[in-house]
Amino acid sequence: MQTPNNHFKAFKHSFLWKSLAIGFLFFLSSCNVGPKAINYGSDGCHFCKMTIVDKVHAAEIVTKKGKVYMFDSSECMVHFMNEFDANEVQLYLSNDYNEPEALIDATKATFLISKNVPSPMGAFLTAFKTEAEAKKVQAEKEGTLYNWEELLAHLKQ
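The notes below deal with the structure included here. All values derive from a computational prediction rather than experimental measurement.

Attention shifts here to the pattern of salt bridges. Taken as a whole, this structure holds 3 salt bridges when the rule is applied. A salt bridge links lysine 55 to glutamate 101; the shortest N-O distance between them is 3.3 Å. Of this pair, lysine 55 sits in the loop between α1 (4–30) and β1 (59–63) while glutamate 101 sits in strand β4 (residues 99–105), and the two are 46 residues apart along the sequence. Looking at lysine 55, the relative accessible area reads 39%, which means it is partly exposed. Of the charged contacts in the structure, one is a salt bridge between glutamate 131 and lysine 135, with a shortest N-O distance of 3.5 Å. Linking glutamate 131 with lysine 135, this pair stays in helix α3 (residues 131–141), spanning 4 residues, or about one helical turn. According to the relative accessible area criterion, lysine 135 is partly exposed, its value standing at 45%.

Have a look at this one:
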């Protein structure tokens, strides 16, 4: 037969293990490195401080520790890179022109600079998931295509 003291010890022991398990699960979920949904109209650009409203041109940097930096345009993200250690970055992400709000890997994207496709900061820079999609828009809107490395070189000029 359990005495009230033994019952309390069993409860205390059980409560301790449940608390540790919940804490451990919380710790694991907080270490998740990935993109964060942008709250358009309320989140601000980490570089220029403008409110992010354009669902086609926004961008993010995600560090290896899981910190997310949001930008109102890919050009703000590229300019911010000058102030940031690239060794800390896990992901560079840009919105996809053909799927607003969808973030794509900027390092694998094709970028179009076209005066006929305005972007928030005036660089006329737009990201596409595939080169074929970018070429389709380029045929209609004109402009120049860049991969990630070419874009970085172009914007540093």
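On to the sheet that holds strand β7 (residues 144–146). Within a sheet, each strand pairs with its neighbour through backbone hydrogen bonds, oriented either parallel or antiparallel. Judged by pairing direction, the sheet is antiparallel, and its 3 strands sit side by side in the order β6-β5-β7 without closing on themselves. The two strands at the open ends of the sheet, each matched to only one other strand, are β6 (125–128) and β7. When strand polarity is set aside, the average angle formed by the axes of neighbouring strands in this sheet is 30°. Bridging between strand β5 (residues 110–113) and β6 involves 4 bridges; their strand directions are antiparallel. Counterpart to isoleucine 113 in the pairing with β6 is leucine 125. Relative to β7, helix α4 (residues 148–156) is tilted by about 115°, and along the sheet it contacts β5, β6 and β7.

Reading guide: rules and limits
- Residues numbered from 1 in each chain as written.
- Predicted model: local features only at pLDDT ≥ 70, side-chain atom pairs only at ≥ 80, totals over all residues.
- Heavy atoms only, no water.
- Salt bridge = Lys/Arg side-chain N within 4 Å of Asp/Glu carboxyl O.
- Helix = DSSP H or I, 4+ residues; strand = E, 2+ residues; numbered from the N terminus.
- Buried < 20%, exposed > 50% of the residue type's maximum accessible area, 1.4 Å probe, protein only.
- Pairing = 2+ DSSP bridges.
- Axes fitted to C-alpha atoms, helices over the stretch in contact; angles between N-to-C directions.
- Contact = heavy atoms within 4.5 Å.

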